[in-house]
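Below are the chains, spelled out letter by letter.
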Amino acid sequence: MMKEVDKIALIIIENGKILSTKSVGKNKYYIPGGKRENNETDNQTLIREIKEELSVDIIQETITYVGTFKAQSDGDTAGVNVKMTCYKSDYMGVIEKNNEIEEIRWLSYNDLHVISEVDKIIFAFLKERKELF
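This structure is a prediction, so every number in the text was calculated from the model and none was measured.

A. View of helix 2 (residues 117–128). Taking 1.5 Å per residue, 12 residues should reach 16 Å; helix 2 reaches 17 Å between its end C-alpha atoms and fits that length. Elements that come into contact with the buried residues of helix 2 comprise strand 2 (13–14), strand 3 (17–23), strand 6 (64–72), strand 7 (80–88) and strand 9 (101–107). Count one or two residues on from helix 2 and you reach K130, which has phi positive near 60°.

This is the structure we're talking about:
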């Protein structure tokens, strides 16, 4: 049976670029978010992870589902898939790197070489929708 890593992510797009983060010790950028803990709902995971990574508070009433994407998990053995459930939302506060985040960058579709496999699928989806350039 295939193993699946269950992740929740927040898509923030400005001027055709998407906010991406790089963790300490990693060489790829990821859409901010993370793994569900215990029996958290998607919203609870999103709120906690984004506070931990970007120091901002998600406005719960504005959370909207974007899509769910699957691909081989980076840095895991073959056959380990990551399932990334993506949302958009408004937030309060100023985005600042926090916790294990080393760098925050706005990436465009031309930055596919620095992102994970699942993010490549998401970038293509957003480009098709003319949200990402």
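B. Molecular detail of the sheet that holds strand 9. Taken in spatial order, the three strands make up an open sheet running 2-3-9, and their pairing is antiparallel. At either margin of the open sheet sits one strand with a lone partner, and together these are strand 2 and strand 9. By the bridge criterion, six bridges tie strand 3 to strand 9 in an arrangement that is antiparallel. Pairing of T21 across the sheet is with I104, part of strand 9.

C. Structural detail: the nonpolar core. If you look at the biggest cluster of nonpolar residues, it comprises 21 residues, and the most contacted ones within it are I11, I18, C86 and I122. Elements with a contribution of two residues or more to this core: strand 1 (3–10), strand 6, strand 7 and helix 2. Beyond its immediate sequence surroundings of up to four residues, I11 is in contact with I18, I31, V66, C86, Y87, K88, I122 and L126. Grouped together as the second largest cluster of nonpolar side chains are 11 residues, I8, L54, I58 and Y87 included.

D. Seen up close, the sheet that holds strand 6. Spatially, four strands are ordered 4-1-7-6 in an open sheet, and the strand pairing comes out mixed. Lying at the two open borders of the sheet, with one neighbouring strand each, are strand 4 (33–35) and strand 6. This sheet shows a mean twist of 20° between the axes of neighbouring strands, independent of strand direction. As judged from the three bridges shared by strand 1 and strand 4, these two strands associate in the antiparallel manner. Its bridge partner lying in strand 4, K7 is registered against K35. Of the strands in this sheet, strand 1, strand 4 and strand 7 touch helix 1 (residues 42–54), which is tilted by about 120° from strand 4. Relative to strand 6, helix 2 is tilted by about 135°, and along the sheet it contacts strand 6 and strand 7.

Parameters and conventions
- Note on numbering: residues in each chain are counted from 1, in written sequence order.
- Since the coordinates come from a predicted model, pLDDT governs what is reported: local features require at least 70, and pairs of side-chain atoms require 80 or more to be given and counted, while whole-chain, interface and lining totals use all residues.
- Calculated side-chain values reflect all of the structure's heavy atoms, with hydrogen atoms and water omitted.
- Think of it this way: any DSSP run of H or I at least four residues long counts as a helix, any run of E at least two long counts as a strand, and we number them from the N terminus.
- Multiplying 1.5 Å by the residue count of a helix minus one yields the expected span of that helix.
- The contact criterion used throughout is that any non-hydrogen atoms of two residues lie within 4.5 Å.
- For two strands to pair, DSSP has to find at least two bridges joining them.
- In this description, a nonpolar core means a group of buried Ala, Val, Leu, Ile, Met, Phe, Trp, Tyr and Cys residues linked to one another through side-chain atoms lying within 4.5 Å.
- Residue burial is assigned from relative accessible area. The probe radius is 1.4 Å, only protein chains are included, and a residue is buried under 20% of its type maximum, exposed over 50%, and partly exposed in between.
- To obtain each axis, a line is fitted to C-alpha atoms, and for helices this fit is confined to the stretch in contact; angles are then taken between N-to-C directions over 0 to 180 degrees.

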